[in-house]
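Structural characterization, general
Now for the letters of each chain:
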Amino acid sequence: MSHFLPGFRLRAEGIVALYPHARSATLPLCHLAQEQDGYLSANAMVEIAELTETTPAEVRGTASFFDLFHLEPVGTYVVGVCTNIACLLAGGLELLAHAERSLGVAVGETTAEGTFTLEECECLGDCDVAPCVQVNCRFVRTTTPDAFDSLIDQLRTGAIPEIPRFGLLSRVRRSVGLAVPTEVIATERARVAAEATSNDRAAG
Amino acid sequence: MAKLDAPQIVTSRVGLDDGHTLARYLATGGYESLRRALSMSPAAVAEEVDAASLLGRGGAGFPAGRKWSMLKKDPVTYLVVNGDESEPATFKDRLLMERDPHQLVEGVIISAWALQVTAAFIFVRGEFGLGLERVLTAVNDAYAHGALGLDIFGSGFSLDVVVHPGAGAYICGDETALLETLEGKRGFPRIKPPFYPAAIGLYGQPTVVNNVETLSNIPWIVLNGGRAFAALGKGRSTGTRLFALSGRVRRPGVYEIEMVHNTFRDLIFDPALGGGTTDDVAIKAVIPGGASSPWFGPDLLDVPLGQDEVAEHGSMLGSGSVIVIGANDCAVRAAWRLTRFFQRESCGQCTPCREGAGWLERILRRLETGGGRREDIDLLLDVCDNIAPGLGWPPQQTTICPLGPSIPSPITSAIALCKDEFFAHVEHGGCTDG
Ligand SMILES: Cc1cc2nc3c(=O)[nH]c(=O)nc-3n(C[C@H](O)[C@H](O)[C@H](O)COP(=O)(O)O)c2cc1C
Ligand code: SF4
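Not measured: the values here are computed from a predicted model. (Residues numbered from 1 in each chain as written. Chains lettered and ligands numbered in written order. Predicted model: local features only at pLDDT ≥ 70, side-chain atom pairs only at ≥ 80, totals over all residues. Heavy atoms only, no water.)

**Some details on the overall build of chain A**
Counting its regular elements, chain A contains 8 helices and 4 strands. Start at the N end of chain A and walk to the C end: the helices and strands fall as α-α-α-α-β-α-α-β-β-β-α-α. The C-alpha atoms of chain A give 22 Å as radius of gyration, which overshoots the globular expectation for 204 residues (17 Å, by more than 25%). The dimensions of chain A, computed from C-alpha atoms along their principal axes, are 75 × 50 × 30 Å. Across the 204 residues in chain A, those meeting the buried criterion constitute 52%. Sequence-distant contacts, at least 24 apart, represent 64% of the contacts inside chain A between residues at least 6 apart. When the accessible surface of chain A is summed, it comes to about 9,000 Å², and 55% of that surface belongs to carbon and sulfur atoms. Where the 15 positive side-chain charges of chain A centre and where its 26 negative ones centre are 8 Å apart. (Helix = DSSP H or I, 4+ residues; strand = E, 2+ residues; numbered from the N terminus. Rg over C-alpha atoms; globule rule 2.2 N^0.38 Å. Buried < 20%, exposed > 50% of the residue type's maximum accessible area, 1.4 Å probe, protein only. Contact = heavy atoms within 4.5 Å. Areas by Shrake-Rupley, 256 points an atom, 1.4 Å probe, with all protein chains shown as cover. Lys, Arg positive; Asp, Glu negative; His and termini not counted. Charge placed at Lys NZ, Arg CZ, Asp CG, Glu CD.)

So, in structure tokens, the structure goes:
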């Protein structure tokens, strides 16, 4: 029994086919599993191991290295507040403390109804709009406590189109598989190399 | 006086609402450079890049042309784009990926032609949801437009480009850790030698790794010639460069300006650039090139924004991020937060980095929150000296990658510039800044 639902399984196989070695698909497949389940489950890792020709332990070993992979369920919205240097100077620690009070959870926790998980982030790269807040890897540009609260209210009462639910990292999918057969690459590169040598000879 | 008459080489479209679309890209000269490049020989394209003496924009500043010439001949070679941008307060590659992704893709295809690589991968930092969507769309559209895939523009050249999402780990910005991640493993930097992926890279094959901004310069260089690029800037620092300005400035943002002809003071104070400090506060320190770089005091504001010029003063231009720390900002807190960043992001392979970062973070935290001791300042310096013996710049390498030996930068800088603040923290039982 596949853990990936049929549509997801098909996409998973398409992703594996993009790489010279199946194992390279590990990160994209972990993202895909999170898109399906909202987090990275043990069953998903078993299937990713099968697809990438590795073991579930290796997949777990890789996945657990990365902050974006959650091996336990998280909220529909993962809210990240940056407190790194540019945000620190702009009141990032204070905004994070406000977020804790406002959501009623500490950093790393999920609200009781499962809507929000709060995280303290390293620099997210939106330093001219500091302190920087992201929801599900989207910049929301709420730099004040009030703006933060109204965003949370909005998310509580309904979705915001620009912010997908957690796990859906990219709403854009690759539209084509690999277009160039390996033999074509080999032949073409050999032809260009031969041309270069004959030009050199002509020049020299 | 700031010198602002240089052309916008990589930011000509970032101000447009639709600069990321294929239609706008084509309407503004997009993919002309690729056509030009395909009419030239790969070696001729590489020569233009060499003539431009384009320095890598990812942090190390290695000349791109030289790196390209080091790519070992092999039937299978790769080009990998480093879009992992996670150096604190660096936010220029994200701008390029979100706002002008076709420029990057065109740069990648031209480079792939020059290098004759088998395939190319664009690694995009996981947290950049929009950036990822924009780059993916650009790649999809480039295939549909005939700029990617089989027989590009009827030239006989064929190429596949795969966009690869990261997943949140600063260390994957190191090119060898990035390659490990691309192979589906943890982001552990590789043990050197081999020193250069150009000899042994992705899957053990020769690989060129270049930064997003570096490759975004390529279309302009091919269209205008390497010499036109080299005519801008001075000495080894040619062309323009993106500077990400943040902290206590009125107009934080990303500015493309000519190298060397402008100083830190120009960048921070020119009305068209930073516009001065917030509330005209005095400057306590400037971090000139990302979290890893040693800080400059206010006496060094007139140092030109050039690679060698900054290096001469004991720091580095690094990732091009300039952070302004104001007179009222707590230096201990800043050093503590940056150290915590390194401690969280250390991959844990090397003892000096893994353990050292933890110790330093704990000492700085107790200084900041009360519980610090007078001896802590010497203790900090002693631990720093264990990580990077001699505390010089560039630091002595004691670890697998440069992250470890960079940890002392904010600490030794803060102590050198603001030692009194550390003692005040001891006396007042912590930070009095609130
Ligand atoms: C800890 C660490 C983090 C790095 N982060 C980045 C990064 O986010 N982006 C980047 O392009 N280069 C980064 N680099 C530099 C890369 O290793 C590499 O030098 C660069 O991608 C090469 O491209 P360039 O020559 O075009 O600059 C980092 C290096 C280290 C040691
Ligand atoms: S220096 Fe630090 S980050 Fe770099 S390899 Fe060693 S432990 Fe990992």
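Don't stop here, the text continues.
**Looking at the domain arrangement of chain B**
All names here are of chain B. Partitioning chain B into structural domains gives domain 1 (22-229), domain 2 (241-326) and domain 3 (331-428). Summarising the inter-unit geometry, the C-alpha centres of domain 1 and domain 2 are found 27 Å apart. Taken together, the contact between domain 1 and domain 2 spans 16 residues of the former and 17 residues of the latter. Carbon and sulfur atoms supply 61% of the area buried between domain 1 and domain 2, which totals about 1,300 Å² over both sides. For domain 1, the biggest contributors to the area lost against domain 2 are Arg57, Glu87 and Phe91; these three give 34% of the whole. (Domains from an automatic or database assignment. Buried area = accessible area lost by both parts, 1.4 Å probe.)

**What about a negative patch on the surface?**
Where like charges cluster on the molecular surface, the negative patch consists of Glu375, Asp378, Asp382 and Asp385 of chain B. Assignment of secondary structure puts Glu375 of chain B in the loop between helix H15 (351-369) and helix H16 (376-387). (Patch = residues over 30% accessible without salt bridge, like charges linked within 9 Å, V, L, I, M, F, W, Y side chains within 5 Å. Salt bridge = Lys/Arg side-chain N within 4 Å of Asp/Glu carboxyl O.)

**Some thoughts on the site of ligand 2**
Around ligand 2, the surrounding shell holds 13 residues, and the nearest of these are Cys347, Gln349, Cys350, Cys353 and Cys401 of chain B. Residues belonging to the shell around ligand 2 are distributed by class as follows: 8 nonpolar, 5 polar and no charged. (Near = heavy atom within 4 Å. Nonpolar A, V, L, I, M, F, W, Y, C, P; charged D, E, K, R; others polar.)

**Considerations on the domain arrangement of chain A**
Taken domain by domain, chain A consists of domain 1 (6-71) and domain 2 (77-157). Taking only C-alpha atoms into account, the centre of domain 1 of chain A sits 28 Å from that of domain 2 of chain A.

**Here's the deal with helix H1 (residues 6-16) of chain A**
All names here are of chain A. Those residues of H1 lying buried are Phe8, Arg9, Ala12, Ile15 and Val16. Down the axis of H1, the sector holding all buried residues measures 120°, keeping them to one side. Those residues of H1 that are exposed and aimed more than 90 degrees away from the buried face are Pro6 and Leu10. Contacts from the buried residues of H1 go to helix H2 (26-37) and helix H3 (42-52). (Arc of directions from axis to C-beta.)

**Brief notes about the site of ligand 1**
Residues and elements named next belong to chain B. Within the structure, ligand 1 sits among 18 residues, and Gly58, Lys67, Asn210, Asn211 and Thr214 are positioned closest to it. For ligand 1, an oxygen atom lies 3.2 Å from a polar atom in the backbone of Arg57. Between ligand 1 and Gly58 there is a distance of 2.7 Å, counted from an oxygen atom to a backbone nitrogen or oxygen. Expressed as a share of its isolated accessible area of 600 Å², the protein-covered part of ligand 1 is 91%. Partitioned by chemical class, the residues of the shell around ligand 1 number 4 nonpolar, 8 polar and 6 charged. (Polar contact = N/O pair within 3.5 Å; in protein donor to acceptor, adjacent residues only side chain to side chain.)

**Focus on the confidence of the model for chain B**
Predicted coordinates in areas of low pLDDT are best not read in detail. In the predicted model, chain B carries a mean pLDDT of 97, and the fraction of residues at 70 or more is 100%. As a predicted assembly, this complex carries a pTM of 0.98 together with an ipTM value of 0.97. (pLDDT = per-residue confidence, 0-100.)

**A few points about the sheet that holds strand E2 (residues 116-121) of chain A**
Paired through their backbone hydrogen bonds, the strands of a sheet run either parallel or antiparallel. Residue and element names in this part refer to chain A. Reading across the sheet, the 4 strands line up as E2-E1-E3-E4 and stay open at both edges, with mixed pairing between neighbours. Each of the sheet's edge strands pairs with one partner strand only, and the pair in question is E2 and strand E4 (138-139). Bridge count between strand E1 (residues 77-82) and E2: 6 bridges; the pairing is parallel. Its bridge partner lying in E2, Val81 is registered against Glu120. (Pairing = 2+ DSSP bridges.)

**Overview of the packing of aromatic side chains**
Per the counting criterion, the structure on display carries 14 aromatic pairs over all chains. Considering the side-chain rings of Phe62 of chain B and Tyr196 of chain B, the 5.9 Å spacing of their centres and the 40° angle between planes classify their relative orientation as tilted. One end of the pair, Phe62 of chain B, is in the loop between helix H3 (42-52) and helix H4 (64-69); the other, Tyr196 of chain B, is in the loop between helix H8 (175-182) and strand E4 (207-211), with 134 residues separating them in the sequence. On the basis of an interplanar angle of 75° and a centroid distance of 5.7 Å, the ring pair of Tyr78 of chain B and Tyr203 of chain B is categorised as edge-to-face. Residue Tyr78 of chain B is located in strand E1 (residues 78-83), and its partner Tyr203 of chain B is located in the loop between H8 and E4; the two are separated by 125 residues in the primary sequence. You can call Tyr78 of chain B buried: its relative accessible area is 5%. Judged by relative accessible area, Tyr203 of chain B falls into the buried class, the value being 17%. Through a chain of ring-to-ring contacts, the aromatic side chains of Tyr19 of chain A together with Tyr78, Phe121 and Tyr203 of chain B assemble into a single cluster. If you follow Arg94 of chain B out to its NZ or CZ, it ends over the ring of Phe139 of chain A, 4.3 Å from the centre. (Phe/Tyr/Trp six-rings, centres within 6.5 Å; stacked < 30°, edge-to-face > 60°. Lys NZ or Arg CZ within 6 Å of the ring centre and 35° of its normal.)

**Some thoughts on the sheet that holds strand E8 (residues 253-258) of chain B**
Residue and element names in this part refer to chain B. An order of E8-E7-E10-E9 is seen for the 4 strands of this open sheet, with the pairing classed as mixed. Across the chains shown, the open sheet's two edge strands, defined by having one partner strand only, are E8 and strand E9 (283-287). Across the sheet, the mean angle from the axis of one strand to that of its neighbour is 25°, orientation sign disregarded. Where E9 meets strand E10 (residues 321-326), 4 bridges bridge the pair, whose relative direction is antiparallel. Among the inter-strand pairings, Ala285 is bridged to a residue of E10, identified as Ile325. (Axes fitted to C-alpha atoms, helices over the stretch in contact; angles between N-to-C directions.)

**Comments concerning the interface of chain A and chain B**
Each partner contributes residues to the interface: chain A has 59 residues there, and chain B has 75 residues. Between chain A and chain B lies a buried interface of about 5,300 Å² when both sides are counted; carbon and sulfur atoms form 58% of it. Across the salt bridge formed by Arg337 of chain B and Glu122 of chain A, the nearest N and O atoms sit 3.1 Å from each other. Those elements that provide at least two residues to the side of chain A that touches chain B are H2, helix H4 (56-63), helix H5 (85-89), helix H6 (92-103), E2, E4 and helix H8 (182-203) of chain A. Broken down by element, the residue count for the side of chain A that touches chain B peaks at 6 residues, all from H8 of chain A. In terms of residue class, the side of chain A that touches chain B is made up of 30 nonpolar, 14 polar and 15 charged.

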